[in-house]
Amino acid sequence: LGFDETGALSPPETVVLICQAAEGKGDSDSQNLLGVMYLAGLGVVQNTDLALQWLNTAARRGNADAYYNLAITYATGTILASYRLCDARFNDELAEAYYLDARRLGHPNARVESFAAFKSRIVSETNTNLEIVTPSCGPDQANTTTGQNK
C-alpha cells in the first residue's frame, strides 16, 4: 500500500487499514469503529444505514462497545456525544435491548447505571445544536448550525 516506513499513517491510509480489518479480517473492534466513522462521516461519506450495518455486525461478534454505540444511537439519535443525526431512528425498546447486551458483555459504562439513568445522562450530555446533514435528509429537513459535518 506504500505506507510510510516510520509507522506514521496519513488519514486516508488509516481509513484503508480500518476498512481492511473490518471487511477482510472480521475484526469486531474495527467493525465498531467503522460504524462510528460512517455515523459521523469521519474519513468516509456519512451513511447511517451502512453505519448501523457495521455496528450490528460487530455486535453480533460480541463487541460490547458496538452494543453500547447502538444503544446511544437508538436512544438519542446522536453519535460521539455531540452530533445529532437528522435521519436518526429512535427506538427506546431496541436501545434498551442493546444497552442490556452491552451490560451483559461487561461494558464498563453499562454496568454502573440503569437504562433509564443512562438515557437521561446521555440526553443531557448530548444536548447540542450540531447536526449531521445527510443526502437523505438534506439541509431542508434539518436545522443546522455552524460546526455541522457535511
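Definitions and cut-offs
- Residues numbered from 1 in each chain as written.
- Predicted model: local features only at pLDDT ≥ 70, side-chain atom pairs only at ≥ 80, totals over all residues.
- Heavy atoms only, no water.
- Core = buried A, V, L, I, M, F, W, Y, C linked by side-chain atoms within 4.5 Å.
- Buried < 20%, exposed > 50% of the residue type's maximum accessible area, 1.4 Å probe, protein only.
- Helix = DSSP H or I, 4+ residues; strand = E, 2+ residues; numbered from the N terminus.
- Contact = heavy atoms within 4.5 Å.
- Axes fitted to C-alpha atoms, helices over the stretch in contact; angles between N-to-C directions.
- Parallel < 35°, antiparallel > 145°, perpendicular 65-115°, else oblique.
- Left-handed = near helix turned anticlockwise from the far one by under 90°.
- Nonpolar A, V, L, I, M, F, W, Y, C, P; charged D, E, K, R; others polar.
- pLDDT = per-residue confidence, 0-100.
- Phe/Tyr/Trp six-rings, centres within 6.5 Å; stacked < 30°, edge-to-face > 60°.

A. Quick look at the nonpolar core. With 32 residues, the main nonpolar core has L34, Y68, L70, Y99 and F118 as its most contacted residues. Going through the elements one at a time, α1 (11–23), α2 (28–40), α3 (48–60), α4 (64–76), α5 (92–104) and α6 (115–125) are the ones with two or more residues in this core. For this core, the leading source of residues is α4, giving eight residues.

B. Local environment of the side chain of S30. Along the polypeptide, S30 turns up in helix α2. The exposure class assigned to S30 is buried, which follows from its relative accessible area of 12%. Leave out the neighbours within four places in its chain, and S30 touches I18, A21 and A22.

C. A look at the packing of α2 against α3. Where α2 meets α3, the closest approach of the two axes is 8 Å, and the angle between their N-to-C directions is 160°. By the angle between their directions, the pair α2 and α3 is classed as roughly antiparallel. Between α2 and α3 lies a crossing whose hand is left-handed. On α3, the residues touching S28, Q31, N32, L34, G35, V36, Y38 and L39 of α2 are T48, L50, A51, W54, L55, T57 and A58. Looking at the contact of α2 with α3 residue by residue, the class counts come to nine nonpolar, six polar and no charged.

D. Inspection of the confidence of the model for the protein at higher detail. Summing up the model confidence of the protein, the mean pLDDT is 77 and the portion of residues at 70 or higher is 71%. Looking across the protein, the model is least confident in strand β3 (residues 131–132), with a mean pLDDT of 47, and most confident in α5, with 95. Considering only residues more than four positions removed or in separate chains, one finds that residues 130–150, a stretch of pLDDT under 50, has 43 contacts.

E. Geometry of the environment of Y67. One can find Y67 in helix α4. The buried category is assigned to Y67, whose relative accessible area is 11%. Linking Y67 and Y98, residues 31 residues apart in sequence, is a C-alpha distance of 5.1 Å. Those residues in contact with Y67 that lie beyond four places of it in its chain are A59, R60, Y98, D101, A102, R104 and L105.

F. Spatial organisation of the packing of aromatic side chains. Overall, the coordinates contain seven aromatic pairs when judged by the stated rule. Seen in terms of ring centroids, Y67 and Y98 are 6.1 Å apart; in terms of plane orientation they differ by 45°. Their pairing is tilted. In this pair, Y67 sits in helix α4 while Y98 sits in helix α5, placing the two residues 31 residues apart along the sequence. Exposure class is identical for Y67 and Y98. Each is buried.

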